[in-house]
Number of protein chains: 2
Amino acid sequence: MAKAPVLTPQAEDFPRWYQDVVAKAELADNGPVRGTMVILPYGYSIWERMQAAVDALIKKAGAVNCYFPLFIPESYLRREADHVEGFAPELAVVTHGGGKELEEPVVVRPTSETIINTYFAKWVQSYRDLPLLINQWANVVRWELRPRLFLRTTEFLWQEGHTCHATHDDARAYAERILWEVYTAFMVDVLAIPVLPGRKTARERFPGAINTLTCEAMMVDGKALQMGTSHELGQNFSKAFGTQYSSTSGQLEYVWQTSWGASTRMVGGLIMAHGDDSGLRMPPRLAPIQVVVMVVKAGEGVAEAASALTSELEGAGVRARLDDAVDVSFGRRAVDWELKGVPVRIEVGPRDLANGEVIVVRRDDSTKGPWKLGEVAARMAGVLESIQGDLLAAATAHRDTRTHDVTTLEEAVEAAASGFGRIAWSALGAEGETRLREQGVSVRCLRMPDGRVPPAEDTPGAVALVARAY
Amino acid sequence: MAKAPVLTPQAEDFPRWYQDVVAKAELADNGPVRGTMVILPYGYSIWERMQAAVDALIKKAGAVNCYFPLFIPESYLRREADHVEGFAPELAVVTHGGGKELEEPVVVRPTSETIINTYFAKWVQSYRDLPLLINQWANVVRWELRPRLFLRTTEFLWQEGHTCHATHDDARAYAERILWEVYTAFMVDVLAIPVLPGRKTARERFPGAINTLTCEAMMVDGKALQMGTSHELGQNFSKAFGTQYSSTSGQLEYVWQTSWGASTRMVGGLIMAHGDDSGLRMPPRLAPIQVVVMVVKAGEGVAEAASALTSELEGAGVRARLDDAVDVSFGRRAVDWELKGVPVRIEVGPRDLANGEVIVVRRDDSTKGPWKLGEVAARMAGVLESIQGDLLAAATAHRDTRTHDVTTLEEAVEAAASGFGRIAWSALGAEGETRLREQGVSVRCLRMPDGRVPPAEDTPGAVALVARAY
């Protein structure tokens, strides 16, 4: 008799598989208020590692962290017309505070351009104050009618960067720098997800932006996920809020701005980009636990050997965890560590130990073999890097296999049934984009054939990447 | 002519001095919604370092991080009678979401006992699940009518720990462990603030707690600041939310709980515990910048030497910053670094450099002297540790000088005019506490003569620490 699967198989029902993984790997649960989310300790440990890596890259790109209030006066939102139109339907509004009705309702930030520009307008005086590069880690609220844990939640955690520049060129270059050096670098190098950076069409832009750049990833089911965005805001907000600087020639000029964000949605992307029917597969550079050392069963010196090996691995810089809970069956524990996607499992049992060996099992491809106990710590870093590379290679192959060059709208819809379609933007255009949307397919981004971001929507040669999306 | 002071002198107007420091050291600004706060980059870098240190101690104490929603259904708050009574006057209430009036209003969390217990009730089944130790870093909102930056703000950032235990004894021991091993250890060892841990009187307890432990610090002006609290919740919340476990004997029992928090208020405490008329004085273990290397003025090889020294210090593990902004006067830059409280300033000028020397200035006591350039990096760690120790010693001496043993209520009020009074709790009692409060003096905590926390309010020998407080 076949073993009952722990998870709904991906091929049977991918959305159900996703829900199963989120629950059984103990990543998150639904909150009591519609669309809110409880992030459980293991899920949060993944987010903490994402934060640390992204934060380091943001600081390397010259931005500094600060913190702006959760509450924004409703009137601030209204100052930029497109912005309020985009966010009004999603706002949570506080009408009572301290036991009284408020004179002016306040909104819970859906994003912070408006409140931050209020301060930029005070801080920026001269060209010497530019560029001004700030970031914050915060929670934001966008009322969500069709919530899905991590992917679309009413409250989510993110970072939002906000910058001011003297020139359009400088702002554009910085928005691109964040796209490549922060988001793409993090997602490819750490998450092992081969995202495609590109330019959003006018229709898909952030409300209030003049250009939105995006990283688009392919999930196991062939659908796209937007993993992070970087916007050029032009002078829309600086004009609405009066953020001006005096130039070298003494003229008052409006600053050019960018904003950019990546959120807990990345956890959803991680699950769906690498997961399989046994659960998560964590890329080792991100994994909160890289190696679990399991005591297979009690036996003379077994627990001691497992504990010593765990310490030895930690000493070698590996994030190792000892599992000596022998009162729970080995099989059940092994299934749990597979669910959580721990890249390497080491089985320490009495028989192998008698031969001076342990069994080392890779989560990504299930390869398994006896290793000499004395060699484990020294060899582990290399294996972890192999897994990291293999996960990226597998995701890239998957993406490429499911990406098709097409020339007609009908073919684009067909390509999007199983993956990405690539079609000349000149052959599609805004009208074609509308017709695709009627069939549930969207233009994820525009890219140049060499992978660069088109400097404008109508750049000759721009190719539209089309897909169904989360 | 005397130089105009940068700050209002402390002796002239301490609250005004505090406001001046917060503004001029660029720590924070008021938000547009009453009582909210913008934390500026330098202020936030201080908070980030506090977070990192406290987070490490929390993890060492066995708790794991997770994240619960910002929004709590109003009905949850009402389940624990004292809790809702305590927090109702301070709540911010969301009545509209996604363009509609909500069926049930939601409150913005003032603290998370109620929402977390909803999940604890699901997670805890058996004694094997205990103790359950979790923590979250989050923003909370308590509507504040008399806001002061960092000290009392409508929104603040904090960590809140929440735990479940099988027995009253275990819960009590953990609440004390957090008090000593996390809060007291951090505040004394890192912040160099000699806090006094103790037990709150019944009147001063957290709403819903059966016991509140606290760390009380003396500020430069002799007033007290509560820097962190650790509560025993008894079974109040577990009974309200049905958080039960089956014991080893198979009986269903309610868990015993703790909760504990420390917030951005600690930044206010740091400012007021160590600051002087020139600004902040940062304890080196916390300081985001430990040493600033200043180019005094342009000159042959000066900028290069300063830059090389900065790198050398960084290589030696010192958080060093180069200041080569010679277009701004040296005096103005030096005043700015003093305002920010950077523990050590190194002046690199052409004349000293010709002698192979630089001038090293300690922020804490203004001592100053030439050091051989080649010795700076090697000697710096020792100097930083001296400053750390001297700041703690100075704050301890200040506290002790301003603390008086008294025997009557009148003497207690007098002692509180300039610092702390210590009076036998048996001589004061709840009635005396009420009379003190009428004169603006509160019982900060009860302590045993040997420094331990009294196991109960009526423990013989318990001494009340009384003061005016922030």
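In every chain, residue numbers begin from 1 and rise along the written sequence. Each chain gets a letter, beginning with A, and each ligand a number, beginning with 1, in the order they are written. The model is predicted, so local features are restricted to residues of pLDDT at least 70 and side-chain atom pairs to those at 80 or more, both for listing and for counting; the totals for chains, interfaces and linings are taken over all residues. Side-chain numbers here rest on the full set of heavy atoms in the structure, without hydrogens or water.

Quick notes on the overall build of chain A
Logical step 1: Per the convention used, a helix needs a DSSP run of H or I reaching at least four residues, while a strand needs a run of E reaching at least two, with both numbered from the N terminus. If you tally the helices and strands in chain A, you get 14 helices and 23 strands.
Logical step 2: Taken over C-alpha atoms, the radius of gyration comes to 25 Å for chain A, in line with the 23 Å a tight globule of 470 residues would show.
Logical step 3: If one aligns the C-alpha atoms of chain A with their principal axes, the spans along those axes are about 80 × 55 × 45 Å.
Logical step 4: Pairs of residues are marked as contacts when any of their non-hydrogen atoms sit within 4.5 Å. In chain A, once contacts between residues fewer than 6 apart in sequence are set aside, the share between residues at least 24 apart is 69%.
Logical step 5: Counting 50 positive and 60 negative side-chain charges, chain A places the centres of these two groups 1 Å from one another. Every radius of gyration here is taken over C-alpha atoms, with the globule rule written as 2.2 Å times N^0.38, N being the number of residues. Positive charge is attributed to Lys and Arg, negative charge to Asp and Glu, and no charge count is given to His or to the chain ends. Here the site of a charge means atom NZ of a Lys, CZ of an Arg, CG of an Asp or CD of a Glu.

Comments concerning the nonpolar core
Logical step 1: With 69 residues, the main nonpolar core has L27, I46, M50, F150, F186 and I271 of chain A as its most contacted residues.
Logical step 2: Excluding anything up to four places from it in sequence, L27 of chain A contacts V21, V22, V38, I39, L40, Y42, G43, I46, F150, I271 and L280 of chain A.
Logical step 3: Take the buried Ala, Val, Leu, Ile, Met, Phe, Trp, Tyr and Cys residues and link them wherever side-chain atoms come within 4.5 Å; each set so joined is a nonpolar core. Accessible area is worked out with a 1.4 Å probe on protein chains only. A residue is then buried under 20% of its type maximum, exposed over 50%, and partly exposed in between. By size, the runner-up hydrophobic cluster in this structure holds 68 residues, among which are W137, Y183, L191 and L213 of chain B.

Quick word on the packing of helix α9 (residues 302–315) of chain B against helix α12 (residues 376–401) of chain B
All names here are of chain B.
Logical step 1: As a rule, the C-alpha atoms of each element are fitted with a line to give its axis, helices using only the stretch in contact, and angles between N-to-C directions run from 0 to 180 degrees. Between α9 and α12, the least distance of the axes is 9 Å, while the angle of their chain directions is 55 degrees. One element, α9, and the other, α12, form an angle in the oblique class. Taken as a pair, α9 and α12 cross one another with a handedness that is right-handed. Residues L309, E312 and L313 of α9 form the contact with α12, whose participating residues are V376, A377 and M380.
Logical step 2: Residues that form the contact of α9 with α12 fall into these classes: 5 nonpolar, no polar and 1 charged. Angles below 35 degrees are treated as roughly parallel, those above 145 as roughly antiparallel, those between 65 and 115 as roughly perpendicular, and all remaining angles as oblique. Each helix crossing is assigned a hand: it is left-handed if the near helix lies turned anticlockwise from the far helix by less than a right angle, otherwise right-handed if that turn is clockwise. Gly is placed with the polar residues, together with every amino acid not listed as nonpolar (Ala, Val, Leu, Ile, Met, Phe, Trp, Tyr, Cys and Pro) or charged (Asp, Glu, Lys and Arg).

Brief notes about the state of the cysteines
Logical step 1: The disulfide criterion is simple: two cysteine sulfur atoms within 2.5 Å. A full pass over the atoms with the stated rule returns 0 disulfides over all chains.
Logical step 2: There is no disulfide at C215 of chain A, and the cysteine sulfur nearest it, in C445 of chain A, is 8.9 Å away.
Logical step 3: Summary of cysteine pairing: C66 of chain B is not part of a disulfide, and the nearest cysteine sulfur, belonging to C164 of chain B, is at 11 Å.
Logical step 4: Its relative accessible area of 0% is what places C66 of chain B among the buried residues.

Notes on the pairing of strand β17 (residues 344–348) of chain B
All names here are of chain B.
Logical step 1: Here β17 lies mainly inside the structure; 5 of its 5 residues are buried.
Logical step 2: Alternating residues of β17 divide into V344, I346 and V348 and R345 and E347, and every residue in both groups is buried.
Logical step 3: Any two strands with at least two DSSP bridges between them are considered paired. As paired strands, strand β15 (residues 291–295) and β17 are joined by 5 bridges and run parallel to one another. Pairing of M294 across the sheet is with E347, part of β17.
Logical step 4: In the sheet, β17 pairs with strand β18 (residues 357–362) via 4 bridges, with the strands oriented antiparallel. Across the sheet, R345 pairs through a bridge with V361, a residue of β18.

Quick look at helix α6 (residues 168–189) of chain B
Residues and elements named next belong to chain B.
Logical step 1: A helix is expected to span 1.5 Å for every residue after the first. The terminal C-alpha atoms of α6, which comprises 22 residues, lie 30 Å apart, in line with the 32 Å expected from a rise of 1.5 Å per residue.
Logical step 2: Where α6 bends most, the angle comes to about 30 degrees, and this point is Y183.
Logical step 3: Along α6, the positions that sit buried rather than exposed are A171, Y174, A175, I178, L179, V182, Y183, T184, F186 and M187. The angle separating two fitted axes, one through the seven residues that finish at a residue and one through the seven that start at it, defines the bend at that residue.

Here we look at the packing of aromatic side chains
Residues and elements named next belong to chain A.
Logical step 1: Centres within 6.5 Å make a pair out of two Phe, Tyr or Trp rings, where for Trp the six-membered ring is used; the pair is then stacked when the planes are under 30 degrees apart, edge-to-face when over 60, and tilted otherwise. Enumeration according to the criterion identifies 20 aromatic pairs over all chains in this entry.
Logical step 2: By the ring-pair criterion, three or more aromatic residues cluster together here, those being F68, Y119, F120 and W123.
Logical step 3: Only when the NZ atom of a Lys or the CZ atom of an Arg is both within 6 Å of the ring centre and within 35 degrees of the ring normal do we say a charge sits over the ring. Cation over ring: R79 sits above Y76, and NZ or CZ is 4.7 Å from the ring centre.

Let's talk about the sheet that holds strand β17 (residues 344–348) of chain A
Residues and elements named next belong to chain A.
Logical step 1: Strand order in the open sheet formed by 5 strands is β16-β15-β17-β18-β19, and the pairing between neighbours is mixed. Both edges of this open sheet fall to β16 (320–323) and β19 (368–372), since each of them pairs with a single strand only. When strand polarity is set aside, the average angle formed by the axes of neighbouring strands in this sheet is 25 degrees.
Logical step 2: Contacting β15 (291–295), β16 and β17, helix α9 (residues 302–315) runs over the sheet at an angle of about 170 degrees to β15.
Logical step 3: Against the sheet, helix α10 (residues 330–339) contacts β15, β16 and β17, and its axis sits at roughly 175 degrees relative to β15.

Notes on the environment of G341 of chain A
All names here are of chain A.
Logical step 1: Structurally, the position occupied by G341 is in the loop between α10 and β17.
Logical step 2: A C-alpha to C-alpha distance of 13 Å links G341 and A273, two positions 68 residues apart in sequence.
Logical step 3: Among residues more than four places away in sequence, those in contact with G341 are L280, R281, M282 and R363.

Things to note about the pairing of strand β8 (residues 155–165) of chain B
Residues and elements named next belong to chain B.
Logical step 1: Burial analysis of β8 places 11 of its 11 residues in the buried class, which makes it a mostly covered element.
Logical step 2: Here β8 shows a buried face lined by E155, L157, Q159, G161, T163 and H165 and a second buried face lined by F156, W158, E160, H162 and C164.
Logical step 3: Here 10 bridges tie strand β7 (residues 132–141) to β8, and the two strands are oriented antiparallel to one another. Each residue of the ladder has a partner; that of L133, found in β8, is T163.
Logical step 4: In the sheet, β8 pairs with strand β14 (residues 256–263) via 8 bridges, with the strands oriented antiparallel. Among the inter-strand pairings, C164 is bridged to a residue of β14, identified as Q257.

Considering the interface of chain A and chain B
Logical step 1: Each partner contributes to the interface: chain A provides 50 residues, whereas chain B provides 50 residues.
Logical step 2: Computed with a 1.4 Å rolling probe, the buried area is the accessible surface lost when two parts are put together, summed over both parts. Summed over both sides, the interface of chain A with chain B buries roughly 3900 Å², with 65% coming from carbon and sulfur.
Logical step 3: Every case where a carboxyl oxygen of Asp or Glu lies within 4 Å of a side-chain nitrogen of Lys or Arg is listed as a salt bridge. Inspection of the chain A/chain B interface yields 4 salt bridges.
Logical step 4: Between K59 of chain B and E48 of chain A there is a salt bridge, and its shortest N-O distance comes to 3.2 Å.

Some points on the pattern of salt bridges
Logical step 1: Considering all chains together, one arrives at 47 salt bridges over all chains under this definition.
Logical step 2: D365 of chain A is the partner of R362 of chain A in a salt bridge, and the nearest nitrogen-oxygen pair spans 3.5 Å.
Logical step 3: Look at D365 of chain A and you get partly exposed, because its relative accessible area is 38%.
Logical step 4: A salt bridge links E74 of chain B to R78 of chain B; the nearest nitrogen and oxygen atoms lie 3.3 Å apart.
Logical step 5: For E74 of chain B, a relative accessible area of 21% gives the class partly exposed.

A closer look at the side chain of K340 of chain A
Residues and elements named next belong to chain A.
Logical step 1: Within the secondary structure, K340 sits in the loop between α10 and β17.
Logical step 2: K340 gets classed as buried once you look at its relative accessible area, which sits at 13%.
Logical step 3: Any pair of nitrogen or oxygen atoms within 3.5 Å is treated as a polar contact; in protein, a donor-acceptor pairing is required on top of that, and neighbouring residues in sequence qualify only through side-chain atoms on both sides. A polar contact is formed between the side chain of K340 and the side chain of E26, at a distance of 3.0 Å.
Logical step 4: In contact with K340, other than residues within four places in its own chain, are A25, E26, Y42, L280 and M282.

Section: the relation of the copies chain A and chain B
Logical step 1: Copies overlap after least-squares fitting; the atoms used are the C-alpha atoms of residues with pLDDT of at least 70 in both. Between chain A and chain B, the superposition needs a rotation of 180 degrees and an axial shift of 0.0 Å, giving an RMSD of 0.0 Å. Considering both components of the superposition, the chain copies are consistent with a two-fold axis. Within chain A, V94 of chain A has its C-alpha nearest the rotation axis, a separation of 2.1 Å.
Logical step 2: Taken as a fraction of all interface residues of chain A, those also at the interface in chain B reach 100%, which identifies the copy contact as same-surface.

Things to note about helix α2 (residues 41–60) of chain A
Residue and element names in this part refer to chain A.
Logical step 1: Taking 1.5 Å per residue, 20 residues should reach 28 Å; α2 reaches 28 Å between its end C-alpha atoms and fits that length.
Logical step 2: Regarding α2, the residues found buried are Y42, G43, Y44, S45, I46, W47, M50, Q51, V54, D55, L57 and I58.
Logical step 3: Two residues or fewer past α2, G62 is found with a positive phi of approximately 95 degrees.

Some details on the confidence of the model for chain A
Logical step 1: Of all residues in chain A, 99% have pLDDT values of 70 or greater, and the mean over the chain is 97.
Logical step 2: Among the prediction metrics, the complex's ipTM stands at 0.96, with pTM recorded as 0.97. The quantity called pLDDT is the predictor's confidence in a given residue, expressed from 0 to 100.

Quick word on the sheet that holds strand β5 (residues 92–97) of chain B
Logical step 1: Strand order in this open sheet of 6 strands is β4(A)-β6(A)-β5(A)-β5(B)-β6(B)-β4(B), and the pairing throughout is antiparallel. Where the open sheet ends on each side, the last strands, each with one partner, are β4 (71–73) of chain A together with β4 (71–73) of chain B. For this sheet the average axis-to-axis angle between neighbouring strands, irrespective of direction, equals 45 degrees.
Logical step 2: When strand β5 (residues 92–97) of chain A meets β5 of chain B, the two strands line up antiparallel, connected through 5 bridges. Bridge pairing in β5 of chain B links V94 of chain A to V94 of chain B.

Describing unusual backbone geometry
Logical step 1: Cis geometry is found at the peptide bond from L130 of chain A to P131 of chain A, where omega equals -5 degrees.
Logical step 2: For P131 of chain A, the position within the fold is in the loop between α5 (113–123) and β7 (132–141).
Logical step 3: Of note in this structure, F150 of chain B is not a glycine but carries a positive phi near 70 degrees.
Logical step 4: Positive phi values are uncommon outside glycine, yet S366 of chain B reaches one of about 65 degrees.
Logical step 5: Locating S366 of chain B in the fold gives a position in the loop between β18 and β19 (368–372).

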